Amino acid sequence: AVAIEVRGLSKKYGSFQAVSDVSFEVQAGQLVALLGPSGSGKSTILRTIAGLEAADSGSVLLTGEDATELPVQQRGVGFVFQHYALFRHMTVRDNIGFGLKIRGVSKPEIRRRVDELLDLIQLGGYAGRYPSQLSGGQRQRIALARALAPRPKVLLLDEPFGALDAKVRDELRTWLRRLHDEVHVTSLFVTHDQREAFEVSDQIVVLADGKVQQIGPPQVLYEKP
Ligand code: ADP
Ligand code: ADP
C-alpha cells in the first residue's frame, strides 16, 4: 500500500520556483530519504506533506486519502525537526507524553505508552530529568519518541540530526532505523548528506533545483560512499 503520495507539487516564493512539479510515492513501512543540496526544496515538500505549508498546486495523499486541504492535526503525521524542540520546563516523561495529553488520552494510558517508548529508546532511567540535563543525542532520541507517541501513520523528519556531530549522527541513524522498524511507521526524512541517505533508507528521492532527479533504492543509485 502507498502511505504517502505527492502529485505534481509546485511552490513559488515570490517569483522564485522552489518546488517544480514534484511527484513521488512512499510505500507503507518504508524509510525514505529526500536527498538534495541546501535550497533544493526538501523542507518545502516536507512541510507541505505535514500541512505546515500550502503548495500552489498539486496534491498530497496520506494512506490513500486526499489530505491536501486537511489541517495539520488531522493528518496523522509526527514531526521531528533539526533543533530538538523539546519543552525545557517539562521532564522527559512529560515531553514524550505531551501529544497524548493534548489528545485527551487517559493518564494511565499515557504512562503506559511513555514507559514503553522510554524502554525502546533505552532511557528508562531518565524519565524525571529535564532536557538541559541530557546530551544532544539523548534529546533527539526523546524527540523521536515524542513524535511516535501518538502512533502517527507517517513520521516526517527534517534534517533530524543536522545539529549533531558525526559520531552521534551515526548512532541516531541506527536509532531511527530501529524505532522505525519497531513501531511500524512510514518515515520520510530530509537530508543533504548522501552517506546518511545511503546508510539508513529503503529508497531515496533525489532532488535538485526543486525537481526530482531520480528515485530508487540506495544500492541502485549510488556506489557505497
Ligand atoms: P531545502 O530544504 O532543500 O534547503 P527549502 O525548501 O528550505 O530547501 O527552500 C527551497 C528554496 O526556497 C530556497 O532557495 C529557499 O531560500 C527558498 N525559500 C524557502 N522558504 C522560503 C520563504 N518562506 N520565503 C522565501 N523563500 C523561501
Ligand atoms: P553525546 O555525545 O551523546 O552528545 P555527551 O558527550 O554530551 O553525549 O555526554 C555523554 C554523557 O554525559 C551522556 O550519557 C549524558 O548522560 C551525560 N551528560 C551530557 N550532558 C549532561 C548534562 N548537562 N547533565 C548531565 N549529564 C550529561
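How each quantity is defined
Residues numbered from 1 in each chain as written. Chains lettered and ligands numbered in written order. Predicted model: local features only at pLDDT ≥ 70, side-chain atom pairs only at ≥ 80, totals over all residues. Heavy atoms only, no water. Near = heavy atom within 4 Å. Polar contact = N/O pair within 3.5 Å; in protein donor to acceptor, adjacent residues only side chain to side chain. Areas by Shrake-Rupley, 256 points an atom, 1.4 Å probe, with all protein chains shown as cover. Helix = DSSP H or I, 4+ residues; strand = E, 2+ residues; numbered from the N terminus. Nonpolar A, V, L, I, M, F, W, Y, C, P; charged D, E, K, R; others polar. Buried < 20%, exposed > 50% of the residue type's maximum accessible area, 1.4 Å probe, protein only. Pairing = 2+ DSSP bridges. Right-handed = clockwise from strand over helix to strand, strands pointing away.

A. Structural context of the site of ligand 2. Close to ligand 2 lie Tyr126, Arg129, Ser132, Gln133, Ser135, Gly136, Gly137, Gln138 and Val168. In this structure, a nitrogen atom belonging to ligand 2 sits 3.3 Å away from a main-chain N or O atom of Gln133. Note that an oxygen atom of ligand 2 is positioned 3.1 Å from one of the side-chain N or O atoms of Gln138. Starting from 550 Å² of accessible surface for ligand 2 in isolation, the protein chains cover 43%. The element best represented in the shell around ligand 2 is helix α4 (residues 136–148), accounting for 3 residues. Here the shell around ligand 2 is composed, by residue class, of 2 nonpolar, 6 polar and 1 charged.

B. Representation of the site of ligand 1. Neighbouring ligand 1 are Tyr13, Phe16, Ala18, Pro37, Ser38, Gly39, Ser40, Gly41, Lys42, Ser43 and Thr44. Taking Gly41, its main chain carries an N or O atom lying 3.0 Å from an oxygen atom of ligand 1. Lys42 places a side-chain nitrogen or oxygen 2.8 Å from an oxygen atom of ligand 1. With the chains in place, 58% of the 560 Å² that ligand 1 exposes on its own is no longer accessible. Considering each element in turn, the shell around ligand 1 owes the most residues, 3 residues, to helix α1 (residues 42–50). Residues belonging to the shell around ligand 1 are distributed by class as follows: 4 nonpolar, 6 polar and 1 charged.

C. Spatial organisation of the pairing of strand β7 (residues 154–158). Counting buried positions along β7 gives 5 out of 5 residues, so the element sits mostly inside the fold. Going residue by residue along β7, you find Val154, Leu156 and Asp158 tucked away on one face and Leu155 and Leu157 tucked away on the opposite face as well. One ladder, built from 4 bridges, connects strand β6 (residues 77–80) with β7; its direction is parallel. Note that in β7 the partner of Val80 across the bridge is Leu157. Direction of pairing for β7 relative to strand β8 (residues 186–191): parallel, over a ladder of 5 bridges. The partner of Leu157 across the bridge, within β8, is Phe189. Regarding the hand of the β-α-β motif, the stretch spanning β7, helix α5 (residues 166–183) and β8 is right-handed.

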